[in-house]
Structure formats: C-alpha cells, structure tokens
Amino acid sequence: SDRDRKKEGGARMVQELFIIGNGFDLYHGLATRYTDFIEYMKSHYPEEYGWLYDSIRRYSLDYWDLIGKGQDHIIWSDMENVLGSFEPLELLEEHRDWNTSEDYKGPASEEIRHLLNFGMNVNEYLHGWIKELNRDISSVQSRQWISRLFEEKENLILSFNYTLTIEKLYRKPVLHIHGRKREKLIMGHGNYNGGDIQSDNFGINLVNERYVKRYFHGTYKNCQKIMEKHAGFFSKSTLGGIRKVYVLGHSLNNVDMPYIRRILELIGREAEWRIVCYDEESRRQYQ
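The rules behind these values
Residues numbered from 1 in each chain as written. Predicted model: local features only at pLDDT ≥ 70, side-chain atom pairs only at ≥ 80, totals over all residues. Heavy atoms only, no water. Phe/Tyr/Trp six-rings, centres within 6.5 Å; stacked < 30°, edge-to-face > 60°. Helix = DSSP H or I, 4+ residues; strand = E, 2+ residues; numbered from the N terminus. Buried < 20%, exposed > 50% of the residue type's maximum accessible area, 1.4 Å probe, protein only. Lys NZ or Arg CZ within 6 Å of the ring centre and 35° of its normal. Pairing = 2+ DSSP bridges. Contact = heavy atoms within 4.5 Å. Axes fitted to C-alpha atoms, helices over the stretch in contact; angles between N-to-C directions.

### Let's talk about the packing of aromatic side chains
The geometry of an aromatic ring pair is captured by two quantities: the separation of the ring centres and the angle between the planes. For the structure shown, the criterion picks out 17 aromatic pairs. Between phenylalanine 18 and tyrosine 246, the ring centres sit 4.9 Å apart and the planes meet at 10 degrees, which makes this aromatic pair stacked. Placement of the pair is phenylalanine 18 in strand S1 (residues 16-20) and tyrosine 246 in strand S4 (residues 244-248), with a sequence separation of 228 residues. Taking 5.1 Å as the distance between ring centres and 55 degrees as the angle between the ring planes, the aromatic pair formed by phenylalanine 37 and tryptophan 129 counts as tilted. A residue pair is termed long-range when its members are at least 10 positions apart, and phenylalanine 37 in helix H3 (residues 34-44) and tryptophan 129 in helix H9 (residues 117-136) qualify at 92 residues. Summarising the burial analysis for this pair, phenylalanine 37 and tryptophan 129 share the class buried. Ring pairs connect the aromatic residues Phe37, Tyr40, Tyr45, Phe118, Tyr125 and Trp129, which therefore count as one cluster. Seen from the ring of tyrosine 27, arginine 143 lies directly overhead, with NZ or CZ sitting 4.3 Å from the centre.

See the structure below:
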C-alpha cells in the first residue's frame, strides 16, 4: 500500500519518474547528436578520428554501412554498439608477429593500439566535448511546459545524458546514471562475450590478445554493476511509489534496456508510462 511505502526506509513519497535521453538536449537546441561529437573529434583529435574510422571500416562489418559511411540517421546507441562489434579474431590474425620471442614483455602492436584507441580513451574525448556543451547551456532557454511538468509533484529524474541541462535550466537534482562533469563518463556496448579469445600463441601475439580482451572488458557497459552502485535509487523504497513515468528523448535502446526492465519490476504494471515519440522526419532531426 501507499502507507507501507511511506514507512519503508522513511523515504518521502515520489509520484513521478522522468527518464531523460539525448533528445531532451536536442529539443533545447544543444548540438549533442552523434554527428556533432564526430565533428568535435575531427576538429580536436583528427588523427584519433582517423583511427576510429579505419577500425570501423576494417573490423565492424555490421556498422560500416551505417556509421563508417557517414549516414545521417545514426543514434548514440549505434555508436555504443560499434565499440563491441569489432571482430577480435580478424584484428589479431592481421597483426600477428611471428618474429618475437616467447618471453616478449613489451606493449601490444602499435596498429592494434591505434585501432582500439577510441574505446580505450573515450572518457577523455567525451569530457572535452561535454565541457564545451555545458558552456553552451548558458545561452539556452528553458521551456515553460517542462518547468511545470517538473514541479507538478514530487519526482525523480534519471538522466542518460552527461550534460547539466536540467540542473542549470530547471534547478532540479538529477541522477546521471552514466556520469557527469568531473566523473567517469560511461559509454559502452552490451557484447559481454566480445573478448572471448582462446589461444596458445606466444610473444607479442599473446600481448595483443590480452590487450584486445582488456579493450572489450573496458568498453563493456555493465548495467548490473552500475545499478548495484546506485542501489539506493534502484530499490523498492525509492521507486515503489511511482505512479507515472515520463520518457523524454530516450530511444529505449537495447544497450540500456536492463535499466528499463529493472524500473518496470520495481514500480509495477499499474504505473502509467508517457513516452515522447517523433514521426520519422522528426526522429531523424532530433537523434
């Protein structure tokens, strides 16, 4: 009952949950499309962008047509999926060095390190980009209907964005599930078994394999572990009283679906969901 939920942990009753995605920032006029980020990479890290482009072209057969050739209907979840789509065996087979000794202790091959550079250092690139975006928020106007929506009842805001749009424009506390300014920013794939490699090769080949495994492990978005970190939020005492869920600008992609399933379990089927959907033309514009 509602009375039981109020008693549980002494938590205040929360009636509404807002799930915020990239479309929210786009609606406010911020340049947060995947393609905007790529332009940032080209401008600030042209060599590293070249390595990323090359890795997609050579080792991501599923995404080359979509991302590598610069199509305009790309969403962030596509970019995250790319990180886990590289063919590890092809990467290794093309960069074997049979001339090193079995006790080689040096680094992985330079080309493999270049090809996987983006995923290994994505936190650095995202932080630089987000820093610029947060400066841009000062010139953005809040929307009156959103202000009214946030103020209607006690609510919680779960954001999948890295920007401080809600804090700066609407003065509301936000849980940034994938990090924010001065925190580790999480961007990753859902391919848990991507780095499964079995080999008895020696020398630099073994070093390469360990590096590729580390890459797949490091770029895997472990949603379960993230939810454990935020166990206070993903709990019955926090979400059990939710009666209405607003999804604003989130694509409900497969990579983030573990969060959504957990929320569904905690709030129950009686909650009302209101999901903002675009027609095809708007979807392409605001992704």
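### Points about the sheet that holds S1
An order of S3-S2-S1-S4-S5 is seen for the five strands of this open sheet, with the pairing classed as parallel. Where the open sheet ends on each side, the last strands, each with one partner, are strand S3 (175-176) and strand S5 (272-275). Note: S1 against strand S2 (residues 155-159), five bridges, orientation parallel. Residue pairing for S2: glutamate 16 is matched across the bridge by asparagine 155. Lying over the sheet, helix H10 (residues 144-151) contacts S1, S2 and S4, oriented at roughly 125 degrees with respect to S2. The sheet strands contacting helix H15 (residues 257-267) are S1, S2, S4 and S5, and the helix crosses S5 at an angle near 150 degrees.

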